[in-house]
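Structural features, examined
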Amino acid sequence: MARLPILRYPDPRLHTVARPVATVDERVRRLVDDMLETMYTADGVGLAATQVDVHERVIVMDTSEQHDQPLVLINPEIVKRSDERAVNEEGCLSVPLIYDRVERPARVTVRALGRDGQSFELDAEGLTAVCVQHEMDHLLGKVFVEYLSPLKRDRIRTKMLKKTRDELRGK
Ligand code: NI
């Protein structure tokens, strides 16, 4: 397995729309394994392929307390959304150290292929529902800060650009 570099907002590549995976083969399983390693190393609960500059519909997640229940969603589709909505604080490995509140459907049912290529359905609520919707947004080229006000988004953009500049200078 290998750790992959994570794109940072406002990198324009984060706005790429991912294409479906044609076949869950060895190449895709390697991508999944690399994404899991990248996510766990970065202490994240979810990662979309978009964030590692691979524009295919692949998501990895682990919202368990012990970080020992990896979940792989290939070609995920939401088949049901609750009318009830919930507001939760979200963060993103592509927008480090920024957290803000986003409102979304409280529960969703997702259909996807697993790492074995088999189709399954997941009824998600709580953090898992938040995470799956957040990651599926990435596959459509959408970052969670786009739910915030333009003013907040501009501030975050400036902060991220400065952070990246400082890191390049070795600060
Ligand atoms: Ni994210």
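Since we're looking at a predicted model, the values are computed, not measured.

1. Description of the layout of surface pockets
- If you add up the space inside the largest pocket, you get close to 400 Å³.
- Every residue lining the largest pocket is counted, 24 residues in all, and those nearest its centre are V45, E90, G91, C92 and Y99.
- For the lining of the largest pocket, the secondary structure elements donating two or more residues are β4 (85-90) and α2 (126-139).
- Take the lining of the largest pocket: its biggest share by element is seven residues, from α2.
- Split into classes, the residues belonging to the lining of the largest pocket amount to 12 nonpolar, eight polar and four charged.
- Space inside the second largest pocket adds up to approximately 190 Å³.
- Forming the walls of the second largest pocket are R57, E77, I78, R81, E103, R104, P105, Q133, M136, D137, L140 and Y147.

2. Description of the sheet that holds strand β2 (residues 58-61)
- Strand order across the open sheet formed by five strands is β1-β2-β3-β6-β7, with antiparallel pairing between neighbours. Strands with a single pairing partner mark the edges of an open sheet, and in this sheet they are β1 (46-48) and β7 (119-125). Strand-to-strand twist of the sheet, defined as the mean angle between neighbouring strand axes without regard to direction, takes the value 40°.
- Across four bridges, the pairing between β2 and strand β3 (residues 71-81) is antiparallel. Bridging across to β3, V58 finds its partner in I74.
- Lying over the sheet, helix α1 (residues 26-41) contacts β1, β2 and β3, oriented at roughly 40° with respect to β2.

3. Some details on the coordination of the nickel ion
- Note on the nickel ion: its protein donors are C92 (SG), H134 (NE2) and H138 (NE2). The metal-donor distances range over 2.1 to 2.2 Å.
- When the donors of the nickel ion are listed by position in the chain, the intervening gaps give C-x41-H-x3-H. Placement of both H134 and H138 in helix α2 is noted, with a separation of four residues, approximately one turn of the helix. In this pair, the class of H134 matches that of H138, namely buried.

What counts, and where the lines are drawn
- Residues numbered from 1 in each chain as written.
- Predicted model: local features only at pLDDT ≥ 70, side-chain atom pairs only at ≥ 80, totals over all residues.
- Heavy atoms only, no water.
- 1 Å grid on protein atoms, 1.4 Å probe; cavity = no way out; pocket = protein on both sides within 12 Å on 5 of 7 lines; lining within 4 Å.
- Points joined across faces, edges and corners; volume = space filled by probe spheres on them.
- Helix = DSSP H or I, 4+ residues; strand = E, 2+ residues; numbered from the N terminus.
- Nonpolar A, V, L, I, M, F, W, Y, C, P; charged D, E, K, R; others polar.
- Pairing = 2+ DSSP bridges.
- Axes fitted to C-alpha atoms, helices over the stretch in contact; angles between N-to-C directions.
- Contact = heavy atoms within 4.5 Å.
- Donors = N, O, S within 2.8 Å, 3.2 Å for Na, K, Ca; no water.
- Buried < 20%, exposed > 50% of the residue type's maximum accessible area, 1.4 Å probe, protein only.

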